[in-house]
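Structural characterization, general
Take a look at the letters that make up each chain.
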Amino acid sequence: MGHGSLALALAYAKLLTCQQPSEQDACGECSSCRKNKTFTHPDVHFSFPFPSSSGDTASDLLGPWREQLSETLYFNYEDWMRHLGSENKQGNIPIKECRSIIKSLSLKPFESARKILILWMPEFLGQEGNVLLKMIEEPPAGTIFLLVAEKTERILNTILSRTQTMRIPPLLISDVATALEQKGIEASAAARAAQLCQGDYRHALQLIDQVQSPYFESWKGFLGNAYTRKMDQVAAWADEAGSLGREGLKAYMQYGLALLRAALLHEYVDQRPEWSPQEGDFLDKFLKLNVDIDAMDRMVGQVESAIYEIERNGNAKMILTTLGYGISKNIRN
Ligand SMILES: [Zn+2]
């Protein structure tokens, strides 16, 4: 979501409903544009996951949804659930919501020639989502579905196969840095966070807090122990990092992921202006280990899945223990 896919879908909906668009963009001034600005255009519908305790359909949650959109368009599922005060609940797009989508899209548009549905996180459509298939395949006249997903591989195949996929590339480092500076963030911190964030603006905002990373020594120690197969030390690391608390642990893991990715990329790109001298030294030494590229790739993947599981409230120490063994296995082939 940090690449701006939702922002893009909203901009597209705005353009499609604008009464006097220019060649490049919506006018920003007509009554449609003004309604889109507050996310209240009657022909731009929203659907998204929510916990069953919060309501029956997405329209019960339009208030908090608009608040969230006004705050930032670069938020993810966890941010949204936190916004609802439901971080420990499971979000869903239930059958009632699917029926409500069908109902609202079956009506004629109110003000525009088109009706648009922005369905955020279609990954959360379970088998009940199949009731939407017919409509997605043959939408009523003037109806446009914009599915905004994070991981297409988690979308029901029946749905995915009826859509046209557009991958939103990562943002440019320079654009992220500029956006951060416009938020009042000091230039060198902005540059460093932009460099580390993998083109993800949301991630860049998180990284701002830790550009002077308190996590470096810990990751350096862990990777060293994994390499020398000091498994008792690796287990101690899993224990220690596992007690960081969920948010702290997520930031900790994101840092480790950025470090491993930097080591992976450095094979090809001799450019690393934003790492501190200590991190630079470490990366140089790491490269001399000559870990093969597939193994590096696997390690990056292992950290990514660990983050995924942590975000879903898995047992942190168990996840880190598994990760510790996985990395030890790959780091030295
Ligand atoms: Zn307009």
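This structure is a prediction, so every number in the text was calculated from the model and none was measured.

1. Re the environment of Ser86
Counting through the fold element by element, Ser86 comes out in the loop between helix 4 (77-83) and helix 5 (95-106). Residue classification places Ser86 among the buried positions, given a relative accessible area of 3%. Considered as a pair, Ser86 and Ser54 are 32 residues apart in the sequence and their alpha carbons are 8.6 Å apart. Not counting residues within four places of it along the chain, the set of residues in contact with Ser86 comprises Pro51, Ser54 and Met81.

2. Digging into the pairing of strand 2 (residues 115-120)
Of all six residues making up strand 2, six are buried, and the element is well covered by its neighbours. The alternating pattern of strand 2 places Lys115, Leu117 and Leu119 and Ile116, Ile118 and Trp120 on opposite faces, both of which are buried. Note: strand 1 (residues 44-47) against strand 2, four bridges, orientation parallel. Paired with Ser47 across the strands is Leu119, a residue of strand 2. Two strands pair when backbone bridges link them, and strand 2 and strand 3 (residues 143-148) are joined in this way by six bridges, in the parallel orientation. Considered in strand 3, the bridge of Ile118 is made with Leu146.

3. Thoughts on the packing of aromatic side chains
Here the structure, examined in full by the defined rule, presents 18 aromatic pairs. Both rings, one in Tyr215 and one in Tyr252, keep their centres 5.3 Å apart while their planes meet at 80°; by these two values the pair is edge-to-face. With Tyr215 in the loop between helix 10 (201-207) and helix 11 (216-227) and Tyr252 in helix 13 (residues 246-265), this residue pair connects regions lying 37 residues apart in the sequence. The pair Tyr215 / Tyr252 is uniform in exposure class, with both members buried. Arranged with centres 6.2 Å apart and planes meeting at 55°, the rings of Tyr215 and Tyr255 form a pair that is tilted. With a gap of 40 residues between them, Tyr215 in the loop between helix 10 and helix 11 and Tyr255 in helix 13 connect regions that are remote in the sequence. Three or more aromatic residues joined by ring pairs form one cluster here, namely Phe46, Phe48, Phe50, Trp65, Phe75, Trp80 and Trp120. The positively charged end of Arg154 is found above the aromatic ring belonging to Tyr308, 3.8 Å away from the centroid.

4. Focus on the coordination of the zinc ion
In an ideal tetrahedron of four donors about a metal, each angle is 109.5 degrees. In an ideal octahedron of six donors, the angles are 90 or 180 degrees. In this structure, Cys18 (SG), Cys27 (SG), Cys30 (SG) and Cys33 (SG) serve as the protein donors to the zinc ion, at separations of 2.3 to 2.4 Å. Classification of the site at the zinc ion as tetrahedral follows from its four donor atoms and the range of 103 to 118° in their angles at the metal. One chain supplies every donor for the zinc ion, spaced along it as C-x8-C-x2-C-x2-C.

Conventions we followed
- Counting restarts for each chain: residues are numbered from 1 in the order of the written sequence.
- Given that the model is predicted, a residue must reach a pLDDT of at least 70 before its local features are reported, and side-chain atom pairs must reach 80 or more before they are shown or counted; all residues, however, enter totals for whole chains, interfaces and linings.
- To obtain the side-chain values, all non-hydrogen atoms of the structure were used and water was disregarded.
- Numbering goes from the N terminus for both helices and strands, where a helix is a DSSP run of H or I of at least four residues and a strand is a run of E of at least two.
- To sort residues, take the accessible area from a 1.4 Å probe on protein chains only and compare it with the maximum for the residue type: under 20% means buried, over 50% means exposed, and anything in between is partly exposed.
- In what follows, a contact means two residues having at least one pair of non-hydrogen atoms within 4.5 Å.
- Two strands qualify as a pair provided that DSSP identifies no fewer than 2 bridges between them.
- Under the pairing criterion, centres of Phe, Tyr and Trp rings, with the six-membered ring standing for Trp, must be within 6.5 Å; the plane angle then separates stacked pairs below 30 degrees from edge-to-face pairs above 60, leaving the rest tilted.
- For a lysine, the NZ atom is tested; for an arginine, the CZ atom; a charge sits over a ring if that atom is within 6 Å of the ring centre and within 35 degrees of the ring normal.
- Coordinating donors are taken to be N, O and S atoms lying within 2.8 Å of the metal, or within 3.2 Å when the metal is Na, K or Ca; because water is excluded from the atom set, some sites may appear incomplete.
- When four donors show all angles between 85 and 135 degrees the site is tetrahedral, when four or six donors have opposite pairs over 155 degrees and all other angles between 65 and 115 it is square planar or octahedral respectively, and in every other case it is irregular.

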